[in-house]
Amino acid sequence: MRIARSLADDMIAHAREDMPNECCGLIAGHGDQAERVIRMTNSQPSPFLYVMDPREQLRLMEEIEDAGDDLVAIYHSHTRSAAYPSRTDVDMAFYSEPLYVIVSLADRDAPDIRAFRLSRTAPEGERIHEEPVEII
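Structural notes, computed from the coordinates. Not measured: the values here are computed from a predicted model.

### Some details on the overall build of the protein
Next up, step 1: For the protein, the helix and strand inventory stands at 3 helices and 8 strands.
Next up, step 2: For the protein, whose C-alpha radius of gyration is 14 Å, the value lies close to the compact-globule estimate of 14 Å for 136 residues.
Next up, step 3: In terms of principal-axis extent, the alpha carbons of the protein reach across some 35 × 35 × 30 Å.
Next up, step 4: Taking all 136 residues of the protein together, 42% fall into the buried category.
Next up, step 5: Look at the contacts in the protein between residues 6 or more apart in sequence, and 62% of them connect residues 24 or more apart.
Next up, step 6: Split by element, the accessible area of the protein, about 7200 Å² in all, is 49% carbon and sulfur.
Next up, step 7: Counting 14 positive and 26 negative side-chain charges, the protein places the averaged centre of each group 4 Å from the other.

Below you can see the structure in the form of structure tokens.
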């Protein structure tokens, strides 16, 4: 995924603003190019998981489609752990096409952004595939 520094900074700011809870949102664009970060509300605020409100998610996904964009990724933050999918992240990965982006604030001075393809139905050991993130 290619993402502008300003969009990456917006995700990091969102993660910091929602601390100590995880934040979540969508990334719209074309192909592997991120063009918009769309913040969402974590409907069950928690430092350990995120839950997107289904109505808000559906509305925003329709807006992305109506604009002629693709849903490039779904993002969320990890406030204390590395930017690597937890078991819960994999179990809740209901979409196979978009990437799952994790913004880690484990090192407050050096936030980390990583992207993954997740498949909750794949055999153990094949559920997580990291994809490169290029911040431009």
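### Considering the nonpolar core
Soluble globular proteins: nonpolar side chains tend toward being buried together.
Next up, step 1: Grouped together as the largest cluster of nonpolar side chains are 20 residues, with contacts concentrated most on Met1, Met11, Ile27, Ala73, Tyr75, Val101 and Ile113.
Next up, step 2: Taken together, the elements giving at least two residues each to this core come down to helix H1 (5–17), strand E3 (33–40), strand E4 (70–78), strand E5 (99–104) and strand E6 (112–118).
Next up, step 3: Here isoleucine 27 is in contact with Met1, Met11, Ala34, Arg36, Val37, Asp70, Leu71, Val72, Ala73, Tyr75 and Val101, once residues within four sequence places are set aside.
Next up, step 4: By size, the runner-up hydrophobic cluster in this structure holds 18 residues, among which are Ala28, Met40, Tyr50 and Met52.

### Digging into H1
Counting along an α-helix, one turn takes 3.6 residues, and residues three or four places apart therefore face a common direction.
Next up, step 1: For H1, with 13 residues, the first-to-last C-alpha span of 18 Å sits near the 18 Å given by 1.5 Å per residue.
Next up, step 2: Turning to H1, its buried residues are Leu7, Ala8, Met11, Ile12, His14 and Ala15. Along H1, the residues classed as buried sweep out an arc of 155° about the axis, all on the same side. Facing away from the buried side of H1 by over 90 degrees, the exposed positions are Ser6 and Glu17.

### Quick look at the pattern of salt bridges
Next up, step 1: Enumeration over the complete set of coordinates arrives at 9 salt bridges.
Next up, step 2: Its salt-bridge partner being aspartate 9, residue arginine 5 comes within 3.2 Å of it at the nearest N-O pair. Placement of the pair is arginine 5 and aspartate 9 together in helix H1, with a separation of 4 residues, close to one helical turn.
Next up, step 3: Classification of arginine 5 by relative accessible area gives partly exposed; the value is 42%.
Next up, step 4: The exposure class assigned to aspartate 9 is partly exposed, which follows from its relative accessible area of 37%.
Next up, step 5: What emerges from the salt-bridge pattern is a single network uniting Asp10, Glu17 and Arg39.

### Re the environment of tyrosine 95
Next up, step 1: Tracing the backbone shows tyrosine 95 in the loop between helix H3 (87–91) and E5.
Next up, step 2: Assessed through its relative accessible area of 34%, tyrosine 95 is described here as partly exposed.
Next up, step 3: In contact with tyrosine 95, other than residues within four places in its own chain, are Gln57, Met61, Ile74, Tyr100 and Leu118.
Next up, step 4: Separated by 3.3 Å, the side chains of tyrosine 95 and glutamine 57 make a polar contact.

About the thresholds
Residues numbered from 1 in each chain as written. Predicted model: local features only at pLDDT ≥ 70, side-chain atom pairs only at ≥ 80, totals over all residues. Heavy atoms only, no water. Helix = DSSP H or I, 4+ residues; strand = E, 2+ residues; numbered from the N terminus. Rg over C-alpha atoms; globule rule 2.2 N^0.38 Å. Buried < 20%, exposed > 50% of the residue type's maximum accessible area, 1.4 Å probe, protein only. Contact = heavy atoms within 4.5 Å. Areas by Shrake-Rupley, 256 points an atom, 1.4 Å probe, with all protein chains shown as cover. Lys, Arg positive; Asp, Glu negative; His and termini not counted. Charge placed at Lys NZ, Arg CZ, Asp CG, Glu CD. Core = buried A, V, L, I, M, F, W, Y, C linked by side-chain atoms within 4.5 Å. Expected span 1.5 Å × (residues − 1). Arc of directions from axis to C-beta. Salt bridge = Lys/Arg side-chain N within 4 Å of Asp/Glu carboxyl O. Polar contact = N/O pair within 3.5 Å; in protein donor to acceptor, adjacent residues only side chain to side chain.

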